[in-house]
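Residues per chain, in single letters:
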Amino acid sequence: RPPYAMDWQVLTRELSLYLESQVRVGLFGSGVGLSLVLGFGVAYACYYLNSIAKKPQLVASNDRFCRFLEEYCPVVTETYYPTIWCWEGRVQTLLRPFITSRPQVQYRNELIKTADGGQISLDWFDNNDSLYYPDASTRPTVLLLPGLTGTSKESYILHMIHQSETLGYRCVVFNNRGIAGEDLLTPRTYCAANTEDLEAVIHHVHSLHPSAPFMAAGVSMGGMLLLNYLGKTGRDTPLMAAAIFSAGWNVFESVESLEKPLNWLLFNYYLTTCLQSSISR
């Protein structure tokens, strides 16, 4: 039997029991309503298990790296079951701000100057209560890069810090210049293709804790920026590891997608307005 057969049977049985207890048999006639709802539910369950729930597609340069990921990151081999009533990516993006929990994080802010007279805001979570790494000089440090208009207050960043806290790590969030309430002091902002600000931040953080293992993680545009930095710097980087999530691999295709009427209305207008606000302010 296919691997999802048992899941399908369990889901169908639970759906049937639920409908029997909630839906009147006399709806629309002698059991017709129940049959329609049950039929739709079964069809949806089949579609979900066949087309929506999938294992990640693992792409690596060689078998050795594949085996490394499978051993140390077993989640890449597991079937991903999106929220059954909200599996479409755009809907998830729209609902996330309203239903996502937001862990409480106390930051320590630091402003650093750039060579061209600008300033960058860094939000530190020092994790001084770390049980695994009580020595601050050797406590692993994770640099987090939010998305296009994101800051250290984004729920996905807060959850990444919360997860890092349980591992005993220290975190620092890189807020791009001109956002997070900071004044834009230069006639330039930021983009994923220019790594100068990120290079300055990495050098600064590493100089503060040279003996601590140093890692980074970027989301969306933050991932694109981190990936460009790694491609440019190569093995000369002080980073010992990096993870990149939801990066736009084909920028031009992503731009065309954002310009489509529905995506423009749902996302592009909001993103553009947020970018304009930092300039206007």
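Heads up: the structure comes first, above all this text.
Residues numbered from 1 in each chain as written. Predicted model: local features only at pLDDT ≥ 70, side-chain atom pairs only at ≥ 80, totals over all residues. Heavy atoms only, no water.

As a further point, take the overall build of the protein. When helices and strands are tallied, the protein shows nine helices and six strands. The buried share of the protein, reckoned over its 281 residues, is 35%. Residue pairs at least 24 apart in sequence account for 69% of intrachain contacts in the protein once pairs closer than 6 positions are excluded. Within the structure as shown, the protein displays about 17600 Å² of accessible surface, and the carbon and sulfur contribution to it stands at 59%. (Helix = DSSP H or I, 4+ residues; strand = E, 2+ residues; numbered from the N terminus. Buried < 20%, exposed > 50% of the residue type's maximum accessible area, 1.4 Å probe, protein only. Contact = heavy atoms within 4.5 Å. Areas by Shrake-Rupley, 256 points an atom, 1.4 Å probe, with all protein chains shown as cover.)

Spatially, S1-S2-S4-S3-S5-S6 is the arrangement adopted by the six strands of the open sheet, whose pairing is mixed. The open sheet terminates on both sides in strands that have one partner only, identified here as strand S1 (108-113) and strand S6 (241-245). Pairs of neighbouring strands in the sheet enclose a mean axial angle of 20 degrees, with direction left out of account. As paired elements, strand S3 (residues 141-145) and strand S5 (residues 214-219) share five bridges and run parallel to each other. In the strand pairing of S5, Val142 is matched with Met215. Here helix H6 (residues 196-208) sits on the sheet in contact with S1, strand S2 (119-125), S3, strand S4 (170-175) and S5, set at roughly 45 degrees to S2. On top of the sheet, helix H7 (residues 221-233) reaches S3, S4, S5 and S6; it is set at about 135 degrees to S5, its chief contact. (Pairing = 2+ DSSP bridges. Axes fitted to C-alpha atoms, helices over the stretch in contact; angles between N-to-C directions.)

A separate point is the nonpolar core. By size, the foremost hydrophobic cluster in this structure holds 18 residues, and its most contacted members are Leu122, Leu143, Phe174, Leu198 and Val201. The contact partners of Leu198, leaving out residues within four places of it in the chain, are Leu143, Leu145, Phe174, Leu225, Leu226 and Tyr229. Ranked by size, the runner-up nonpolar core spans 14 residues in total, among them Val142, Ile157, Tyr169 and Met215. (Core = buried A, V, L, I, M, F, W, Y, C linked by side-chain atoms within 4.5 Å.)

Below, the discussion takes up the packing of H6 against H7. Packing of H6 against H7 brings their axes to within 10 Å, and their N-to-C directions diverge by 75 degrees. One finds that H6 runs roughly perpendicular with respect to H7. Contact with H6, carried on its side by Leu198, Glu199 and Ile202, involves Leu225, Leu226, Tyr229 and Lys232 of H7 and no other residues of that element. A class-by-class count of the residues in the contact of H6 with H7 yields five nonpolar, no polar and two charged. (Parallel < 35°, antiparallel > 145°, perpendicular 65-115°, else oblique. Nonpolar A, V, L, I, M, F, W, Y, C, P; charged D, E, K, R; others polar.)

Structurally, the α-helix is built with 3.6 residues per turn, so residues lying three or four positions apart point the same way. Under the 1.5 Å per step criterion, the end-to-end length of H7 is 18 Å for 13 residues, consistent within 8% with the ideal 18 Å. The complete set of buried residues in H7 reads Met221, Gly222, Gly223, Met224, Leu225, Leu226 and Tyr229. Positive backbone phi, approximately 65 degrees, marks Gly234, located one or two places after H7. (Expected span 1.5 Å × (residues − 1).)

The element S4 is largely enclosed, with a buried count of six among its six residues. Here S2 runs beside S4; their pairing, made up of five bridges, is antiparallel. In the sheet register, Leu122 faces S4, and the bridge partner there is Phe174. Pairing between S3 and S4: four bridges, direction parallel.

Moving on, we come to the side chain of Thr186. Mapped onto the fold, Thr186 is located in the loop between S4 and H6. Of note is the side chain of Thr186, whose polar atom sits 2.9 Å from the side chain of Arg177. A distance of 2.9 Å separates the side chain of Thr186 from the backbone oxygen of Arg188, its partner in a polar contact. (Polar contact = N/O pair within 3.5 Å; in protein donor to acceptor, adjacent residues only side chain to side chain.)

So, on to a nonpolar patch on the surface. On the surface, Ile84, Trp85, Phe98 and Ile99 cluster together to form a nonpolar patch covering roughly 520 Å² of accessible area. Positionally, Ile84 belongs in the loop between helix H3 (63-72) and helix H4 (89-99). (Patch = residues over 30% accessible without salt bridge, like charges linked within 9 Å, V, L, I, M, F, W, Y side chains within 5 Å. Salt bridge = Lys/Arg side-chain N within 4 Å of Asp/Glu carboxyl O.)

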